[in-house]
Number of protein chains: 2
Amino acid sequence: MVQAYVFDVYGTLFDVHSVRTDVERFYPGKGKHLSTIWREKQIHYSFLRQIMGRYHSFYDVTRDALRFAANAVEVPLTPKLEQQLMEAYLHLPPFEESAPVLTALKNKGKQTIVFSNGSVNMLRPLLQNSGLDTFIDVTLSVDERKQYKPSPAAYNLILEHTDLKREQILFASSNGWDISGAESFGFQTAWINRNGQPQEELQLSPDHEYEDLSFLPEIP
Amino acid sequence: MVQAYVFDVYGTLFDVHSVRTDVERFYPGKGKHLSTIWREKQIHYSFLRQIMGRYHSFYDVTRDALRFAANAVEVPLTPKLEQQLMEAYLHLPPFEESAPVLTALKNKGKQTIVFSNGSVNMLRPLLQNSGLDTFIDVTLSVDERKQYKPSPAAYNLILEHTDLKREQILFASSNGWDISGAESFGFQTAWINRNGQPQEELQLSPDHEYEDLSFLPEIP
């Protein structure tokens, strides 16, 4: 039986696509293009740093990805603009079902855990600004081990902070690669497939697949 | 002084964009879209398998990426079609300067090494079909260590097969992430920036940057 629900943050509890609007405000006509590259490079750089053994915090990785994206779409990025755009990540809107689902899980007596590649200086303000912190028991960042998801060492951090076995944990993420990593590590997994993507071809299928978080409290 | 030139294969000595033509033949109107996803997922899956510690050969990774791509663009992929498309990777055209540059390096008495994530059953036919094998002294695949680039363990394979020090090796690749990995490992690097991309923001700048391979024999 599931004792604890672990949630990824970016794209799972919070909508990262909202960043597009902020970018569009500063760079009219470039919002979609720049924010897409920014997000792709953010993930790409965390993977590369993990493989090269050159960990930098996710804050740094996010800023570096923004710099690459600005170069790629050929727009100027002043230090002030960079700072303002980075703040978009502290004010992401939660998905509409995030708070109700967390509340329902708490009412069922489940433990709620947030687990992210994001560094604590990104996670704490985001959870506080959105009010979601009220429904979350534990907030964990890979920064504590300096090992990015989807490495086994990253997911192991969850076991180190609970008295639970892997199979007592339901891991929810909208990111296919994150689900593959969690499945590989031995968690129960729920892939929140918000965009109707095909499953990753990594021979690590999720245990559950949903369009959003709403059905999570139904899992026994 | 540079004693050995190490070349990446896909995108560096050989043009992977030619795959688009093969895909287009089987799926009219979908060639660009499918082949772009195929290539992105191929790299993505090699990274994920490296991070998760679940190595599969690059042949398998390439096939899995093709299956994902076919699902993503919603076209049927029979076993026969899959086999035919996989063969595109054995018949990639070399860039026009690849053979002349390798010849020039051999004439200067340099050692020429090919080093790829590709498995030997992909590399050998490709090099033979193109005739480039004549100009290459050593062909190395990460498959020998089952560690993908850009991990240090992968690049170390080159040292294990030569009597050279890192600084005596010039590493050439068109892939920014591969250059970052080689630079991180301590090789001299030449980024073959064929598409006018911005540099990666990983604080690991290449020592040289060129539009194609032509200038490599000028490096002292």
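Residues numbered from 1 in each chain as written. Chains lettered and ligands numbered in written order. Predicted model: local features only at pLDDT ≥ 70, side-chain atom pairs only at ≥ 80, totals over all residues. Heavy atoms only, no water.

(A) Region of interest: the interface of chain A and chain B. At the junction of the two partners, chain A supplies 32 residues and chain B supplies 32 residues. In total, chain A and chain B occlude about 2800 Å² of area from one another, counting both sides; carbon and sulfur atoms represent 64% of this. Considering only the surface of chain A that becomes buried against chain B, Ile51, Met52 and Glu201 of chain A emerge as the three largest contributors, covering 25% of it. Glutamate 200 of chain A serves as the salt-bridge partner of lysine 41 of chain B, at 2.8 Å between the closest nitrogen and oxygen. Between chain A and chain B we count 16 residue pairs in polar contact (both at pLDDT 80 or more) in total. Counting only elements with at least two residues in the side of chain A that touches chain B, the list comes to α2 (31–52), α3 (58–72) and α8 (176–185) of chain A. Looking at the side of chain A that touches chain B element by element, the count peaks at nine residues for α2 of chain A. Tallied by class, residues from the side of chain A that touches chain B come to 14 nonpolar, eleven polar and seven charged. (Contact = heavy atoms within 4.5 Å. Buried area = accessible area lost by both parts, 1.4 Å probe. Salt bridge = Lys/Arg side-chain N within 4 Å of Asp/Glu carboxyl O. Polar contact = N/O pair within 3.5 Å; in protein donor to acceptor, adjacent residues only side chain to side chain. Helix = DSSP H or I, 4+ residues; strand = E, 2+ residues; numbered from the N terminus. Nonpolar A, V, L, I, M, F, W, Y, C, P; charged D, E, K, R; others polar.)

(B) Representation of the relation of the copies chain A and chain B within the structure. In the superposition of chain A on chain B (RMSD 0.0 Å, axial shift 0.0 Å), the rotation amounts to 180°. Such a turn and shift between the copies fits a two-fold axis. (Least-squares fit on C-alpha atoms with pLDDT ≥ 70 in both.)

(C) Representation of the nonpolar core. In terms of nonpolar packing, the biggest core is built from 158 residues, with Trp38 and Leu216 of chain A together with Trp38 and Leu216 of chain B touching the most fellow members. Not counting residues within four places of it along the chain, the set of residues in contact with leucine 216 of chain B comprises Tyr5, Phe7, Val101, Leu170, Ala172, Ala190, Ile192 and Tyr210 of chain B. (Core = buried A, V, L, I, M, F, W, Y, C linked by side-chain atoms within 4.5 Å. Buried < 20%, exposed > 50% of the residue type's maximum accessible area, 1.4 Å probe, protein only.)

(D) Expanded view of the environment of serine 205 of chain A. Residues and elements named next belong to chain A. Among the secondary structure elements, serine 205 is positioned in the loop between β5 (188–192) and β6 (208–210). Serine 205 gets classed as partly exposed once you look at its relative accessible area, which sits at 42%. Between the C-alpha atoms of serine 205 and proline 100, which are 105 residues apart in sequence, the distance is 27 Å. A polar side-chain atom of serine 205 sits 3.2 Å from a polar atom in the side chain of glutamine 199.

(E) Representation of the domain arrangement of chain A. Residue and element names in this part refer to chain A. In terms of domain boundaries, chain A breaks down into domain 1 (4–15 + 92–218) and domain 2 (16–90). Measuring from the centre of the C-alpha atoms in domain 1 to the corresponding centre in domain 2 gives 22 Å. Domain 1 puts 25 residues into the contact, and the matching count from domain 2 is 19 residues. Here domain 1 and domain 2 share an interface that buries about 1800 Å² over both sides, 60% of which is from carbon and sulfur atoms. (Domains from an automatic or database assignment.)

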